[in-house]
Amino acid sequence: MILDMARARTTADAFNAIAEPHRREILTLLKGRERVVSDIADAMGMNQPAVSKHLRVLREVGLVYVHPEGKQRRYGLDARGLEPVHGWTGGFDEYWSESLERLNTYVKKRQREEER
Amino acid sequence: MTPDTALSDRELMVSRLIEGPRDVVFEAFTEVQHLSRWWGPKGFTTTTRTFEFSEGGVWEFTMHGPDGSDYPEWIQWMEIRPPEVIVLRHGEGPDDPEQFSSTFIFEERTDGTRVTLRSEFKTKALRDRAAEEYGAIEGANQTLDSLATYVTGRSERPNE
């Protein structure tokens, strides 16, 4: 479909994968501990097939790993998959834009104090 | 150098209007009590060990990220021309081979002061890296913030 071609696939990269709020919620749930699908589904109030679908997308872009343990499959956050996002948010431009934003706030505050 | 000189492929530039007179804006760069209030991205704090605002003087400090990580910082002022220009060398220490040079330009505008920062790196590769991961900070989105923070604390994953 033309519409589908125009839009980037959710599995294209980490950016597209985390554009979906439920998938970000899953990543947050997986932070620091592995979980099984039913556990994630309970925590989110979603059904298991829907959660499995999101987990598949997250696995394809390398944000989540699966760790089979007996009959269970435990999912965990693979933080290395976030490195492109981490890098993107942490560049020179961002750093200095935020610093200068703080400078602006500070300069305005000092002027208000002087006026008093 | 003016803010409008064309950028080379070893430079990065950022500019914004600060809503205040030039002498007040310039002053915010001259003392630790001011610098510590704004230097660094949102959520960052600084601890200063040495500070002497003069040409050849040094500012040695640690930047503390919101995720608890520390970044050693070393700055030496090369040129101070109040209230127009500050040129400094920036690195992790005096012997840091990846030191770079930064020029702050302060221009009067009717509605405030335009502050332009131009940083020049030793190589294009260093410039490109700084463009992508300067300081390694988090973005605005809170979820991404906490997740990105987690990246730095997690270097290995279990065997699959």
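The structure displayed is predicted, hence computed values, not measured ones. (Residues numbered from 1 in each chain as written. Chains lettered and ligands numbered in written order. Predicted model: local features only at pLDDT ≥ 70, side-chain atom pairs only at ≥ 80, totals over all residues.)

Another point: the overall build of chain A. Of the regular secondary structure elements, chain A holds 7 helices and 2 strands. With 116 residues in all, chain A has 31% of them scored as buried. Contacts in chain A between residues at least 24 apart in sequence constitute 47% of all its contacts with a sequence separation of at least 6. (Helix = DSSP H or I, 4+ residues; strand = E, 2+ residues; numbered from the N terminus. Buried ≥ 20, exposed ≤ 12 C-beta atoms within 10 Å, placed from the backbone. Contact = placed C-beta atoms within 7 Å.)

All names here are of chain A. With their axes 9 Å apart at the nearest point, helix H4 (residues 37-44) and helix H5 (residues 48-60) run at an angle of 110° to one another. As the angle between them shows, H4 and H5 are arranged roughly perpendicular. Contacts from Val37, Ser38, Ile40, Ala41 and Met44 of H4 reach H5 at Gln48, Val51, Ser52 and Leu55. Looking at the contact of H4 with H5 residue by residue, the classes come out as 6 nonpolar, 3 polar and no charged. (Axes fitted to C-alpha atoms, helices over the stretch in contact; angles between N-to-C directions. Parallel < 35°, antiparallel > 145°, perpendicular 65-115°, else oblique. Nonpolar A, V, L, I, M, F, W, Y, C, P; charged D, E, K, R; others polar.)

Residues and elements named next belong to chain B. Pairing of strand S1 (residues 11-18) with strand S7 (residues 112-120), which is carried by 8 bridges, proceeds in the antiparallel orientation. In the strand pairing of S7, Arg16 is matched with Val115. Of the pairings in the sheet, the one linking strand S6 (residues 100-109) to S7 comprises 9 bridges and is antiparallel in character. Bridge pairing in S7 places Ser102 opposite Ser119. Between the end of S6 and the start of S7, which pair antiparallel, lie 2 residues. (Pairing = 2+ DSSP bridges.)

A word on the environment of Gly65(B). Residue and element names in this part refer to chain B. You can see Gly65 is positioned in the loop between strand S3 (58-64) and strand S4 (70-81). For Gly65, a count of 19 C-beta atoms within 10 Å translates into the label partly exposed. Distance in space between the C-alpha atoms of Gly65 and Thr46 is 9.0 Å, their sequence separation being 19 residues.

This part covers the confidence of the model for chain B. All names here are of chain B. Residues at a pLDDT of 70 or more form 79% of chain B, whose mean pLDDT is 82. Averaged pLDDT values over the elements of chain B bottom out at 44 in helix H4 (residues 142-153) and peak at 96 in strand S5 (residues 85-91). Under a pLDDT of 50 for its full length, residues 136-160 has, in the predicted model, 44 contacts with residues more than four places off or in other chains. Predicted complex, confidence summary: ipTM 0.80, pTM 0.62. (pLDDT = per-residue confidence, 0-100.)

Residue and element names in this part refer to chain A. Between its terminal C-alpha atoms H5 stretches 18 Å, which fits the 18 Å expected from 13 residues at 1.5 Å a residue. Listing the buried residues of H5 in full gives Val51, His54, Leu55 and Leu58. Angularly, the buried residues of H5 cover 105° about the axis, an arc narrow enough to put them on a single face. The inward-facing, buried residues of H5 contact helix H2 (14-17), helix H3 (21-30), H4, strand S1 (64-69) and strand S2 (72-77). Taken from the residues just after H5, Gly62 is the one with a positive phi, measuring 80°. (Expected span 1.5 Å × (residues − 1). Arc of directions from axis to C-beta.)

The sheet built from 7 strands is open, its strands ordered S1-S7-S6-S5-S4-S3-S2 (chain B) with antiparallel pairing. Two strands lie at the open edges of the sheet, namely S1 and strand S2 (45-51) of chain B, each paired on one side alone. For this sheet, the mean inter-axis angle between neighbouring strands, taken without regard to orientation, is 25°. Taken together, the 7 bridges between S4(B) and S5(B) define a ladder with antiparallel strand orientation. Within S5(B), the residue paired with Trp74(B) across the bridge is Gly91(B). Relative to S1(B), helix H7 (residues 92-115) of chain A is tilted by about 25°, and along the sheet it contacts S1 and S7 of chain B.

If you look at the biggest cluster of nonpolar residues, it comprises 18 residues, and the most contacted ones within it are Leu103(A), Val107(A), Val25(B), Ala28(B) and Trp38(B). Contributions of two or more residues to this core are made by H7 of chain A together with helix H1 (22-27), helix H2 (32-38), S3 and S5 of chain B. A total of 3 residues in this core trace back to one element, the largest contributor, which is H7(A). Sequence-distant contacts of Val107(A), that is, excluding residues within four places in its chain, are made with Ile18(B), Glu19(B), Gly20(B), Val24(B), Val25(B) and Ala28(B). (Core = buried A, V, L, I, M, F, W, Y, C linked by C-beta atoms within 7 Å.)

So, on to the pairing of S1(A). Residues and elements named next belong to chain A. Here S1 runs beside S2; their pairing, made up of 6 bridges, is antiparallel. Within S2, the position partnered with Glu69 by the bridge is Gln72. In this structure, the hairpin formed by S1 and S2 is closed by a connection of 2 residues, where Gly70 is found at a positive phi of approximately 65°.

Of the consecutive residues Pro82(B) and Pro83(B), the connecting peptide bond is found in the cis state with omega at -10°. Inspection of the secondary structure assignment puts Pro83(B) in the loop between S4 and S5.

This next bit is on the packing of H3(A) against H4(A). When two helices pack together, their arrangement is given by the angle between the helix axes and by the axis-to-axis distance. All names here are of chain A. Direction vectors running N to C along H3 and H4 enclose 115°, while the axes themselves pass 11 Å from each other. The crossing of H3 and H4 is right-handed. Contacts between H3 and H4 involve His22, Glu25, Ile26 and Leu29 from the former and Ile40, Ala43 and Met44 from the latter. Among the residues making up the contact of H3 with H4, the classes are represented as 5 nonpolar, 1 polar and 1 charged. (Left-handed = near helix turned anticlockwise from the far one by under 90°.)

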